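Each chain, written out:
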Amino acid sequence: MIPQTNPKAAYLAQRDAIDAAIRRVLENGWYIQGEEVAAFERDFAAYADARHAVACASGTDALILALRALGIGPGDAVITVSHTAVATVAAIELAGATPVLVDTDEYWTMAPAALEAVLKDWPAGAPGPKAVIPVHLYGQPAAMPEIAAITERHGLILLEDNAQAHGATLNGRMVGHWGKAAAYSLYPTKNLGAIGDGGIVTTDNDGVADTLRALREYGWRERYISAIAGMNSRLDPLQAAILRVKLGALPADTERRRAIAARYSAGLAGLSGLGLPKIRAGAAPVYHLYVIDAGSRRNELQAKLKERGVGTLIHYPVPVHLQPAYLGRIALGPGGLPNTERAAKSVLSLPLFPQLPDADVDMVIAAVKAAWTS
């Protein structure tokens, strides 16, 4: 079976360097925070061309911490998309704020027109929204110039969810530079993945960075003295050491992801009715996932590919507003976000990770062609 993703392959590709990094941490005896974490933060800030990078325990925590550092909490409405990992919406609620969900565009990211519409139709007399979180889903940049212009016009805080878009660019500008901060996941399957959970927030704002550092460790600016109410969300030095090794390979891994995506797009072109990933003008996606649109045949295609030894996943099978935990609590029901709901019924993620051999890519292409035309 060709797996849809394979984080172990990433470890094996750099096993000696990763093992050496782990030994370094075990032998130096510093197991919380410390220089290993600080070094990774410096390395990642340099990679992301950001003034600050503040590491934490998970991508979800990265969003929570960023929201809180930006002054967003109880009583505040935050606009984001429903076609995303549930962590985006969960983080808004865990920060004490209220999620407001809008529809997606043809690139499966926040539709600027949908954002503008929800702001235009905001209930009279209700407290206005405070922030917007576009998600660069699947490694595809959202329509940031348009979204940034809307948020600026309405005086809203812009926070980018970069969980799946490490290094993606739009108009030559890396994602994460339109908003006041950007949150990344370092989950094992992400483009830059730990061997466990991890997250990081980037910002160019000194005050936001200072607040982030305090929030992640009980609100301490001075040890044992909580200047503000914080939490415990620290990246382990072991993970930081591993991530420093893997960060060095990220540019090459990104180019490999793009090469695999190009091979898929060339090999699957011309299959009637099968939608391939669209690339926004000026965008350079990083292909966290290669997602096809199989329409009403999605489940059939997935089953046929499994029979042919090809693993696939659905990202994501149920929109957040229709998930059991949120249905009825968010002011949307079935039919409320048509593009999002159609995507949930039609998207399918093909195998894609940097260590995937061309021969396996070609086997996937052949399997998709055979399944689609049979």
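Data block above holds the structure.
These numbers come from a predicted model, not from an experiment.

Peer 1: Would you mind going over the environment of Thr340 with me for this structure?
Peer 2: In this structure, Thr340 sits in helix α11 (residues 338–346). Of the residues examined, Thr340 reaches a relative accessible area of 0% and is grouped as buried. Note: C-alpha distance between Thr340 and Val102 (238 residues apart in sequence) is 8.8 Å.

Peer 1: Whenever I open this one, helix α7 (residues 144–154) confuses me. Can you help?
Peer 2: It helps to recall that an α-helix has 3.6 residues per turn; residues three or four apart then point in one direction. Residues of α7 that are buried include every one of Met144, Ile147, Ala148, Ile150 and Thr151, and no others. All buried residues of α7 lie within an arc of 160 degrees about the axis, which places them on one face of the element. Structural note: α7 exposes Glu152 and Arg153 on the side pointing more than 90 degrees away from its buried face. Check the buried side of α7 and you find it contacts α6 (112–120), β4 (131–132), β5 (157–161) and β6 (169–170).

Peer 1: Would you mind going over helix α8 (residues 206–215) with me for this structure?
Peer 2: Residues Val208, Ala209, Thr211, Leu212, Ala214 and Leu215 constitute the buried set of α8. The inward-facing, buried residues of α8 contact β1 (52–56), α4 (59–69), β9 (199–203) and β10 (220–222). Where α8 begins, the capping side chain belongs to Asn205, and its oxygen is found 2.9 Å from the backbone nitrogen of Gly207.

Peer 1: Where do I start with the pattern of salt bridges in this structure?
Peer 2: Close approach of charged atoms allows side chains of opposite charge to pair. In total, this model carries 20 salt bridges according to the counting rule given. For Arg263, the salt bridge goes to Asp362, with nearest N and O atoms at 2.8 Å. With Arg263 in helix α9 (residues 237–268) and Asp362 in helix α12 (residues 358–373), the pair connects residues that are 99 residues apart, well separated along the chain. Residue class for Arg263 comes out partly exposed when judged on its relative accessible area of 32%. Using a relative accessible area of 35% as the deciding quantity, one classes Asp362 as partly exposed. Each member of the salt-bridge network shares a partner with another, and the members are Arg24, Glu36, Asp43 and Arg244.

Peer 1: For this particular structure, what's the right way to read the packing of aromatic side chains?
Peer 2: Given two aromatic rings, their pairing is described by the distance between the two centres and the angle made by the two planes. One pass over the structure, following the stated rule, counts 8 aromatic pairs. Each ring, one from Phe44 and one from Tyr184, has its centre 5.0 Å from the other, and the planes form 80 degrees; the classification is edge-to-face. Here the residue Phe44 occupies a position in helix α3 (residues 34–48), and Tyr184 occupies one in strand β8 (residues 181–185), the gap between them amounting to 140 residues. Tyr184 matches Phe44 in its accessibility class, with the two residues each being buried. Members of the aromatic cluster, connected to one another through ring pairs, are Phe40, Phe44, Tyr47 and Tyr184. Sitting above the plane of the Trp178 ring, Arg173 keeps its charged end 4.4 Å from the centroid. Here Arg297 stacks its cationic end above the ring of Trp372, 4.1 Å away from the centre of that ring.

Peer 1: I would appreciate a short explanation of the sheet that holds strand β7 (residues 173–174) in the present structure.
Peer 2: Each strand in a sheet pairs with another by means of backbone hydrogen bonds, the pair being arranged parallel or else antiparallel. Taken in spatial order, the 3 strands make up an open sheet running β7-β6-β12, and their pairing is antiparallel. The outermost strands of the open sheet, each flanked by one partner alone, are β7 and β12 (283–284). Where β6 lies against β12, 2 bridges are found, and the strand directions are antiparallel. Bridge pairing in β12 links Leu170 to Ala283.

Peer 1: Explain the packing of α4 against helix α5 (residues 86–94) to me, please; I cannot follow it from the model alone.
Peer 2: Packed helix pairs are specified by the crossing angle of their axes together with the interaxial distance, meaning the distance between the axes. For the pair α4 and α5, the least separation of the axes is 9 Å and the interaxial angle reads 40 degrees. In terms of their interaxial angle, α4 and α5 are classed as oblique. The crossing of α4 and α5 is right-handed. Counting all contacts with α4, which are made through Thr60, Leu63, Ile64 and Leu67, the residues of α5 involved are Ala87, Thr88, Ala91, Ile92 and Leu94. Along the lines of polarity and charge, the residues of the contact of α4 with α5 split into 7 nonpolar, 2 polar and no charged.

Peer 1: What exactly am I supposed to notice about the packing of α6 against α7 here?
Peer 2: As a packed pair, α6 and α7 sit with axes 9 Å apart at the nearest point and diverge in direction by 15 degrees. As judged from the angle between their axes, α6 and α7 are roughly parallel. By crossing handedness, the relation of α6 to α7 is classed as right-handed. Taken together, the residues of α7 that come into contact with α6 (itself represented by Pro112, Leu115, Glu116 and Leu119) are Glu146, Ile147, Ile150, Arg153 and His154.

The rules behind the values
- Residues numbered from 1 in each chain as written.
- Predicted model: local features only at pLDDT ≥ 70, side-chain atom pairs only at ≥ 80, totals over all residues.
- Heavy atoms only, no water.
- Helix = DSSP H or I, 4+ residues; strand = E, 2+ residues; numbered from the N terminus.
- Buried < 20%, exposed > 50% of the residue type's maximum accessible area, 1.4 Å probe, protein only.
- Arc of directions from axis to C-beta.
- Contact = heavy atoms within 4.5 Å.
- Polar contact = N/O pair within 3.5 Å; in protein donor to acceptor, adjacent residues only side chain to side chain.
- Salt bridge = Lys/Arg side-chain N within 4 Å of Asp/Glu carboxyl O.
- Phe/Tyr/Trp six-rings, centres within 6.5 Å; stacked < 30°, edge-to-face > 60°.
- Lys NZ or Arg CZ within 6 Å of the ring centre and 35° of its normal.
- Pairing = 2+ DSSP bridges.
- Axes fitted to C-alpha atoms, helices over the stretch in contact; angles between N-to-C directions.
- Parallel < 35°, antiparallel > 145°, perpendicular 65-115°, else oblique.
- Left-handed = near helix turned anticlockwise from the far one by under 90°.
- Nonpolar A, V, L, I, M, F, W, Y, C, P; charged D, E, K, R; others polar.

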